[in-house]
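Residues per chain are reported as follows:
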Amino acid sequence: MFRQTAFGIALSTLVLVSGMSSSYIRGQTATKKSDHNQVLSMSPRQVTSPVTVKSTDLERSVFDQINRYRASKGLPKLLLNAKISRQARLHSLNMANGKAPFSHQGFRRRVAGIPIRCRSAGENLAFNLGYSDPAQEAVTGWLHSSGHLANIKGNYNMTGIGVATNSQGEVYLTQIFLRSGR
């Protein structure tokens, strides 16, 4: 969608890859995955050009919004884990730099790279450009998508969030959910 702003024409796009979840008990494989991307047209927001973002602020914003949502549904809050965030951030960086496609490709490898024993894992991805609050746009999109919402409401106890922006102003967001334990 194109919008006229005081700065000229700005492109505002939000793209989501359907949420992915997986039972991750060793010796068992059960993955639900949909390979289609969803392009959502979100309600108009104030768009500035270019958008300046601080990745750690966006990561914290996503974390807080997801936990507020979970609390509103009577679900336990997730714990933010630096090891999980490291993997999420690396995936976002790779997508932003064109080293990885905007997809869940490599999800199992990312989870295996987290030194935490887990029973199940899930991942939400978002890409957006031109929004003044990329974290809010991503979370709003996820909450309106059944696959992403299933991960947000899932039986997880830990999460990690990674955000990366490239020189074109594209913002990539990755949230990994884990259920730790044996």
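Quick notes on the rules
For every chain, the first residue of its written sequence is number 1, and the numbers climb from 1 along that sequence. This being a predicted model, a pLDDT of at least 70 is required before a residue's local features are given, and a value of 80 or more before pairs of side-chain atoms are given or counted; all residues contribute to the totals for chains, interfaces and linings. Values reported for side chains reflect all heavy atoms of the structure, with hydrogen atoms and water molecules removed beforehand. Nonpolar core, defined: a set of buried Ala, Val, Leu, Ile, Met, Phe, Trp, Tyr and Cys residues in which side-chain atoms within 4.5 Å join the residues together. Throughout this description, buried means an accessible area under 20% of the type-specific maximum (1.4 Å probe, protein chains only), exposed means over 50%, and partly exposed covers the range between. The secondary structure listing takes helices from DSSP runs of H or I that are at least 4 residues long and strands from runs of E that are at least 2 residues long, numbered from the N terminus. Side-chain rings of Phe, Tyr and Trp (the six-membered ring for Trp) are treated as a pair once their centres are within 6.5 Å; stacked means planes under 30 degrees apart, edge-to-face means over 60, and tilted covers the remaining angles. What makes a salt bridge here is a side-chain nitrogen of Lys or Arg within 4 Å of a carboxyl oxygen of Asp or Glu, nothing more.

Under the annotation held in an unreviewed UniProt entry, the chain carries the name CAP domain-containing protein and is attributed to Brasilonema bromeliae SPC951.

Attention now goes to the nonpolar core. Core analysis: the biggest nonpolar cluster contains 19 residues, and Val62, Ile66, Trp142, Ile152, Val163 and Leu173 have the highest contact counts within it. Taken together, the elements giving at least two residues each to this core come down to helix 1 (55–72), helix 4 (134–143), helix 5 (146–152), strand 8 (158–165) and strand 9 (171–180). A total of five residues in this core trace back to one element, the largest contributor, which is helix 1.

What the rule picks out here adds up to four aromatic pairs. Relative to Tyr172, the ring of Phe127 lies with its centre 5.0 Å away and its plane at 50 degrees, an arrangement referred to as tilted. Pair noted here: Phe127 is in strand 7 (residues 118–129) and Tyr172 is in strand 9, with a separation of 45 residues, a long-range link. You can call Phe127 buried: its relative accessible area is 12%. Judged by relative accessible area, which is 9%, Tyr172 ranks as buried. Three or more aromatic residues link up through ring pairs in this structure, and these residues are Phe102, Phe127 and Tyr172.

Moving on: the pattern of salt bridges. What the rule picks out here adds up to three salt bridges. In this structure, Asp64 and Arg60 form a salt bridge, with 3.8 Å as the shortest nitrogen-oxygen distance. With Asp64 and Arg60 both in helix 1 and four residues apart, this pair spans about one turn of that helix. For Asp64, a relative accessible area of 30% puts it in the partly exposed group. Its salt-bridge partner being Glu123, residue Arg110 comes within 2.8 Å of it at the nearest N-O pair. Of the two residues, Arg110 is situated in helix 3 (residues 107–112) and Glu123 in strand 7; the sequence distance between them amounts to 13 residues. You'll find Arg110 and Glu123 in the same group, each marked buried.

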